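Tertiary structure, described
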Amino acid sequence: KGVVEPAKLIAEAAGIEYEFQGMTFEAWPEMKATTPFGQLPMVEHDDLKFSQSRAIFLYIASLANKTGSSPREIALIHQTLEAWSDIFGPLKFSELGDEEKRNAFIAHSNAKLECLGKLVGTWAAHTEDWTVADAVTYFCVGRIQYFVDVNMPASLQAIADKFKALPGIQAYEASPRCFAPYMPGSFLNDYLKARHNVQ
């Protein structure tokens, strides 16, 4: 659920109709053989079936013309997506309870966030419109703060707040279609349970 959430956010913000099909552990072995890489998420649209999260985000955003309007803008948008991928790359949920490893992830994230925060405005984030970079930034700003305390640049928080204010996102987050929190309760470890006061 969590990995595919930016795709849902893009569709909701753009008013693209979709059907989300969740997956149970029991049904997964049979479904796995039908996926391109034996993993989820996966999209089926007409006769197209494909996976890989970033490809999914970009495909859905392209249906709404939200992937950039020039080669320069497209490059900067992709840079933003790659940067968020780099930030979350070292994160292992099982290690969050280890203070040393958690602090190492926080230090890594703060350095990357500072760099990314300085680049805000190089994609179409502060115009009246939005792009796939804004949707992914909104999700990632909330997601990382769900896991750890970081030095979130005000510029990135502003992007997240602006995207959250879109009518489609407001309606989505008030609906049962919205995925919250960022991890199902069954996957919470002791650290996250204590952080979010979950029994």
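Details of the structure are given in the entry above.
Residues numbered from 1 in each chain as written. Predicted model: local features only at pLDDT ≥ 70, side-chain atom pairs only at ≥ 80, totals over all residues. Heavy atoms only, no water.

Moving on, we get to the overall build of the chain. Within the chain, the regular secondary structure consists of nine helices and two strands. In terms of overall dimensions, the chain is globule-like: its C-alpha atoms have a radius of gyration of 17 Å, near the 16 Å expected for 199 residues. Per-residue burial for the chain yields a buried fraction of 42% across its 199 residues. A fraction of 65% describes how many contacts in the chain between residues 6 or more apart in sequence connect residues 24 or more apart. A total accessible area of about 11100 Å² is found for the chain, and carbon and sulfur atoms account for 52% of it. Across the chain, the 18 positively charged side chains and the 24 negatively charged ones have centroids separated by 3 Å. (Helix = DSSP H or I, 4+ residues; strand = E, 2+ residues; numbered from the N terminus. Rg over C-alpha atoms; globule rule 2.2 N^0.38 Å. Buried < 20%, exposed > 50% of the residue type's maximum accessible area, 1.4 Å probe, protein only. Contact = heavy atoms within 4.5 Å. Areas by Shrake-Rupley, 256 points an atom, 1.4 Å probe, with all protein chains shown as cover. Lys, Arg positive; Asp, Glu negative; His and termini not counted. Charge placed at Lys NZ, Arg CZ, Asp CG, Glu CD.)

Our next topic: unusual backbone geometry. Backbone geometry places Gln52, a non-glycine residue, at a positive phi of 85°. Counting through the fold element by element, Gln52 comes out in the loop between strand S2 (48-51) and helix H3 (53-63). On the basis of relative accessibility, which here comes to 34%, the residue Gln52 falls in the partly exposed class. For Asn65, which is not glycine, the phi dihedral falls at a positive 60°.

Applying the stated criterion across every chain yields a total of nine salt bridges. Lys66 serves as the salt-bridge partner of Asp129, at 2.4 Å between the closest nitrogen and oxygen. Here Lys66 lies in the loop between H3 and helix H4 (71-88) and Asp129 lies in the loop between helix H5 (99-118) and helix H6 (132-147), a separation of 63 residues in the sequence. Judged by relative accessible area, Asp129 falls into the partly exposed class, the value being 39%. (Salt bridge = Lys/Arg side-chain N within 4 Å of Asp/Glu carboxyl O.)

Below, the discussion takes up the packing of H4 against H5. At a closest axis distance of 9 Å, the pairing of H4 and H5 adopts a crossing angle of 165°. Taken together, the axes of H4 and H5 lie roughly antiparallel to each other. As for how H4 packs across H5, the hand of that crossing is left-handed. The residues of H5 that touch H4, namely those facing Thr80, Ala83, Trp84, Asp86, Ile87 and Phe88, are Phe105, His108, Ser109, Lys112, Leu113 and Leu116. (Axes fitted to C-alpha atoms, helices over the stretch in contact; angles between N-to-C directions. Parallel < 35°, antiparallel > 145°, perpendicular 65-115°, else oblique. Left-handed = near helix turned anticlockwise from the far one by under 90°.)

Attention now moves to the environment of Lys118. Within the fold, Lys118 resides in helix H5. The class of Lys118 is exposed, set by a relative accessible area of 63%. Put simply, Lys118 and Ser155 are 37 residues apart on the chain and 7.7 Å apart in space, counted from C-alpha to C-alpha.

It is characteristic of soluble globular proteins that their nonpolar side chains tend to be buried jointly. Formed by 50 residues in total, the largest nonpolar core has its most connected members in Trp84, Ile144, Val148 and Phe163. Broken down by secondary-structure element, the contributors of at least two residues to this core are helix H1 (5-14), H3, H4, H5, H6, helix H7 (154-164), helix H8 (167-173) and helix H9 (190-195). Excluding its chain neighbours within four sequence positions, the residues that come into contact with Trp84 are Leu113, Leu116, Val136, Thr137, Cys140, Val141 and Leu156. (Core = buried A, V, L, I, M, F, W, Y, C linked by side-chain atoms within 4.5 Å.)

Axis separation between H4 and H6 bottoms out at 9 Å; the angle between their running directions is 20°. By the angle class used here, H4 and H6 are roughly parallel. In this structure, H4 crosses over H6, and the sense of that crossing is left-handed. Here Ile77, Thr80, Leu81, Trp84, Ile87 and Phe88 of H4 come into contact with H6, specifically with Val132, Ala133, Val136, Thr137, Cys140, Val141, Arg143 and Ile144.

That is the geometry; function is a separate question.
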